[in-house]
Amino acid sequence: MTDQSVNSSMRKNKKAKILESSLALFSQKGYHASTIEEIAKAAGVGKGSVYNYFESKESLLKALIFETILEAVEWMDSDHDGVITEQEFFQVIRKSKKWLIKNRKFLILYYSIVTQPKVNIILEKELWQILEPHMKKAEDFFRHHGFADPVAELRFFFAMLDGISVNYVVDPNNFPLDHAVDRLIKYYEGLLQNDAPNR
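Residues numbered from 1 in each chain as written. Predicted model: local features only at pLDDT ≥ 70, side-chain atom pairs only at ≥ 80, totals over all residues. Heavy atoms only, no water.

Trainee: How should the overall build of the protein chain be read in this particular structure?
Mentor: Helix and strand counts for the protein chain stand at nine helices and zero strands. C-alpha extents for the protein chain along the principal axes are approximately 60 × 40 × 30 Å. Counting all 199 residues of the protein chain, 41% fall into the buried class. Pairs at least 24 apart in sequence give 68% of the contacts found in the protein chain among residues at least 6 apart. (Helix = DSSP H or I, 4+ residues; strand = E, 2+ residues; numbered from the N terminus. Buried < 20%, exposed > 50% of the residue type's maximum accessible area, 1.4 Å probe, protein only. Contact = heavy atoms within 4.5 Å.)

Encoded structure:
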């Protein structure tokens, strides 16, 4: 391994530690109450190191939220051909289960943020810019399969995923995650097999 690749790996690890520490602090103390000094200390780095990667606490928050959200929405078109197939659609639902388990701490933060108007303002415009092309492809998927109101169906679909997510985050030991995911898959399998317009 070259010195350059070692340095690159160390930088990635340091950045990951900063993101992980900020996630923990934002989740425990809240975004506004957490400081860069506390994040640096928790990550085991100097305050200046945090600013080497993120110009402000706001840019750190955005990186934390946007990178994780983008990881999930990119499943919709995993081959990046601009079209969501049925296989990709169901893959989104199946992968969401592992993603929820892996990202529970992130989701605690995310839900605490989106319900705080002052913090949500920081994220809202850029987040929708990131999500819009993916939402358009999902809307086209529902339109292609004959849904009379593909926009409403898209919102319903994500409301179902959000509902599963919130219930799992709040009560991970008792919420029947496997059952909920299986039911959602069966629901859409039934609709898509009856590929009729105006459903």
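Once you've had a look at it, read on.
Trainee: Explain the side chain of Lys57 here, please?
Mentor: Along the polypeptide, Lys57 turns up in helix 4 (residues 57-73). One buried charged residue, Lys57, remains without a salt bridge, the closest side chain of opposite sign being Glu38 at 7.6 Å. A distance of 2.9 Å separates a polar atom in the side chain of Lys57 from the backbone oxygen of Tyr31. With near-sequence residues (within four places) excluded, Lys57 lies in contact with Phe26, Tyr31, His32, Ser34 and Ile36. (Lys, Arg positive; Asp, Glu negative; His and termini not counted. Salt bridge = Lys/Arg side-chain N within 4 Å of Asp/Glu carboxyl O. Polar contact = N/O pair within 3.5 Å; in protein donor to acceptor, adjacent residues only side chain to side chain.)

Trainee: I keep staring at the packing of helix 8 (residues 150-170) against helix 9 (residues 177-193) and nothing clicks. Help me out?
Mentor: When two helices pack together, you describe them by how their axes are tilted relative to each other and by the distance separating the axes. Helix 9 packs onto helix 8 with a crossing angle of 170° between their chain directions and a minimal axis gap of 10 Å. Relative to helix 9, the element helix 8 lies roughly antiparallel. Of helix 9, the residues touching helix 8 (which contributes Glu153, Phe156, Phe157, Met160, Leu161, Ile164 and Tyr168) are Leu177, Ala180, Val181, Leu184, Tyr187 and Tyr188. Class assignment for the residues of the contact of helix 8 with helix 9 results in twelve nonpolar, no polar and one charged. (Axes fitted to C-alpha atoms, helices over the stretch in contact; angles between N-to-C directions. Parallel < 35°, antiparallel > 145°, perpendicular 65-115°, else oblique. Nonpolar A, V, L, I, M, F, W, Y, C, P; charged D, E, K, R; others polar.)

Trainee: Help me out: how do you make sense of the environment of Ile69 in this one?
Mentor: The residue Ile69 is located in helix 4 in this model. A relative accessible area of 13% means that Ile69 is categorised as buried. Sequence separation of Ile69 and Leu131 is 62 residues, and the distance between their C-alpha atoms is 8.7 Å. Excluding its chain neighbours within four sequence positions, the residues that come into contact with Ile69 are Phe106, Tyr110, Leu127 and Leu131.

Trainee: Is there a simple way to think about helix 8 in this case?
Mentor: Residues separated by three or four positions in an α-helix point in the same direction, a consequence of the helix having 3.6 residues per turn. Helix length check: helix 8, at 21 residues, gives a terminal C-alpha distance of 30 Å against a target of 30 Å (1.5 Å per residue), a fit within 8%. Those residues of helix 8 that sit buried are Pro150, Glu153, Leu154, Phe157, Leu161, Ile164, Ser165, Tyr168 and Val169. In an axial view of helix 8, the angular spread of the buried residues amounts to 150°, which keeps them on one side of the axis. Exposed residues pointing more than 90 degrees away from the buried face of helix 8 are listed as Arg155 and Val170. Of the surrounding elements, those touching the buried residues of helix 8 are helix 5 (86-102), helix 6 (104-114), helix 7 (117-144) and helix 9. (Expected span 1.5 Å × (residues − 1). Arc of directions from axis to C-beta.)

Trainee: When you look at a nonpolar patch on the surface in this model, what are you seeing that I'm missing?
Mentor: A contiguous nonpolar patch, built from Phe156, Met160 and Tyr187 and spanning about 260 Å² of accessible area, is present on the exposed surface. Of note, Met160 is situated in helix 8. What makes Met160 partly exposed here is its relative accessible area of 34%. (Patch = residues over 30% accessible without salt bridge, like charges linked within 9 Å, V, L, I, M, F, W, Y side chains within 5 Å. Areas by Shrake-Rupley, 256 points an atom, 1.4 Å probe, with all protein chains shown as cover.)

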